[in-house]
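Coordinate analysis (summary)
Given next are the chains, with one letter for each unit.
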Amino acid sequence: MYDKDMIAKIEKRRKEWETTCYEPLKAKIPEREEKFQNLSWNDIGPLYTPADVKDHDYFEKIGFPGEFPYLRGVHSTLHRSRLWTMRQFAGFGTAEETNLRYKYLLEHGETGLSVAFDYPTLYGYDTDHPLSRGEFGKCGVAISSLKDMELLFKDIPVDKITTSMTINGPAPVVWAFYIANADNQNIPRTAIGGTIQNDVLKEYIAQKSFIFPPEPSMRLTVDTFEFGFKEIPRWNTVSISGYHIREAGSTAVQELAFTLADGFEFVRAAVARGLDIDTFAPRLSFFFNAHNDFFEEIAKYRAARRIWAKGMKELGAKKPRSMLMRFHTQTAGVSLTAQQPEINLVRVAIQALAAVLGGTQSLHTNSMDEALALPSEKAVRLALRTQQIIAEETGVASTVDPLGGSYYLEWLTDKMEDDTMRYFDRIEQLGGVIPAIEKGFFQREIAEASYRLQQEIENGKRVIVGVNKYQMDDEIEIPILKMDERGEEIQINRLKKLRADRNQNKMDRALAALKKAAQGDENTMPYILNCVHAYATLGETTDVLREVFGEYKEPAIF
């Protein structure tokens, strides 16, 4: 922290610099923009000095890595000791096809698996449901039963590698498939690790693959918290997700504010259940977007850690691990362009670099062809190689928080925290997260930000290379992934066989017991697992919960 005399000297000298150096050159050579703004529409000045962070108490605001408030990282050694987990979000077609892709990625150096599910699975429907027709395997793998999960992870040691699963509405059921698969291989539950996204709140806000109303959805999420820390201590039972909020069109500030508001809401719900905050909090994790504005993204991650640590302390957390924000990052799918798709490699590399410099624990790099189709083998290999080059060749992982102390970055980090706190106040005035969802607050904020950005792109104020500037008439063709055209038929036949071969009485009893538990106040996870072990399908199990809890219908947003 600079003393007052030094700050006064710097401020005086900056004014002299502006008058004698900056303004004359600006008059001679006008700047490219009348004013510069980042993607959250914050004005960015030409220069930042210690005067812009003059109120900083280093120990209170910044500190050291691995120490409160964790601005500089949750681990003292960060990537000097262990690199981030390299995950490639993957899933398409049948479980067999995706299993081969996982093995391909592991052979090429991936260090963690990440499962993408198709839309029927995300909504809790089996492949043979009428609403599933035409959607099989298109945006992820189809998983309708424990049999599919067994095929998905065939010959993959689930006790030696962690798995992330992007599933929300039916997350307890899909997680039960994974647990039951390990059970059937005689792998102790204490040996398996990974993450289920399980963030129902952001579904109402952004992604819209919700099933049940908010209150029963929160109950199911807290059920997984309680079951997880007792039975599967290495599992993160929620990945509080800003990624989809950003993909829906939010700004970086909105992503930060809405994600953390959701996180604190989950904590309050678990505490209200009677769970000890220091027991479940260490298994909470987060999932952020890595978008185009390089410094804004780094500032977002740093601010997130500080806000979370302070907020958890206020909510009663005592143990340091309860205050740590551990997060996965994925580069911005919404930033990928169908025009000149090969330049998406450049976008992804810069976004991934921001995530690493921001201290991520896990990273997915999008493939260059994802604006056109699911990734080809070549495209996904290049995406993985992007991470490996950052890790092994650039030197950015050699020190912790290497941009810490940048006057601009520290000012921007503070600015994002201040803006986030203002959003928290607005959410509280609306009665909290769920009332704000029901009133359409989050949805309107995101829609307005998305519309504003799109207007700027269309009028050329925001440049998207290859789209509204530097276009090409002759596009380079790249190979597109082709899936097994018989996949849907294979999956439907497998379901028919499963229903014919299973013990129907055992399954019926398990589903009836789940219904009774859902109607009461017992933890539903043991009952869901019994259904899964009896080879009840995803749709059959979810339908029991639909019958008890009902389905959520989103109100119109005006």
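Residues numbered from 1 in each chain as written. Predicted model: local features only at pLDDT ≥ 70, side-chain atom pairs only at ≥ 80, totals over all residues. Heavy atoms only, no water.

1. Focus on the sheet that holds strand β7 (residues 235-236)
Taken together, the 9 strands give an open sheet; going across it, the order is β7-β6-β5-β4-β3-β11-β10-β9-β8, and neighbouring strands pair in parallel fashion. Of all the strands in the sheet, the pair left with one neighbour each is β7 and β8 (238-241). Note: strand β10 (residues 327-331) against strand β11 (residues 362-364), 3 bridges, orientation parallel. Paired with Gln330 across the two strands is His364, which belongs to β11. The sheet contacts of helix α3 (residues 95-107) involve β3 (85-90) and β4 (112-115), and relative to β3 the element is tilted by about 155°. (Pairing = 2+ DSSP bridges. Helix = DSSP H or I, 4+ residues; strand = E, 2+ residues; numbered from the N terminus. Contact = heavy atoms within 4.5 Å. Axes fitted to C-alpha atoms, helices over the stretch in contact; angles between N-to-C directions.)

2. Quick look at the domain arrangement of the protein chain
Split into domains, the protein chain comes out as domain 1 (4-47), domain 2 (158-458) and domain 3 (499-549). A straight line from the C-alpha centre of domain 2 to that of domain 3 covers 30 Å. The partner domain 3 presents 22 residues to the 22 residues of domain 2 that form the contact. For the pair domain 2 and domain 3, the two sides together bury roughly 1,700 Å², of which 73% comes from carbon and sulfur. Of all residues in domain 2, Val173, Phe212 and Arg219 bury the most surface against domain 3, accounting for 31% of the area lost on that side. Remark: the boundary between domain 2 and domain 3 carries 8 residue pairs in polar contact (both at pLDDT 80 or more). Sorting the residues of the side of domain 2 that touches domain 3 by element identifies α6 (171-184) and α8 (214-231) as the ones contributing at least two each. In terms of residue count, α6 provides more of the side of domain 2 that touches domain 3 than any other element does, 10 residues in total. Split by residue class, the side of domain 2 that touches domain 3 holds 15 nonpolar, 2 polar and 5 charged. (Domains from an automatic or database assignment. Buried area = accessible area lost by both parts, 1.4 Å probe. Polar contact = N/O pair within 3.5 Å; in protein donor to acceptor, adjacent residues only side chain to side chain. Nonpolar A, V, L, I, M, F, W, Y, C, P; charged D, E, K, R; others polar.)

3. A short note on the packing of aromatic side chains
All chains considered together, the criterion is met by 35 aromatic pairs. Centre to centre, the rings of Trp175 and Phe227 are 6.0 Å apart; their planes meet at 90°, and the pair counts as edge-to-face. Within this pair, whereas Trp175 is found in helix α6, its partner Phe227 is found in helix α8, the two being separated by 52 residues in sequence. Of the residues examined, Trp175 reaches a relative accessible area of 0% and is grouped as buried. The class for Phe227 is buried, based on a relative accessible area of 6%. Ring centres of Phe286 and Phe288 lie 6.2 Å apart, and the angle between their planes is 5°; on these two criteria the pair is classed as stacked. Here Phe286 matches Phe288 in class, with each residue buried. (Phe/Tyr/Trp six-rings, centres within 6.5 Å; stacked < 30°, edge-to-face > 60°. Buried < 20%, exposed > 50% of the residue type's maximum accessible area, 1.4 Å probe, protein only.)

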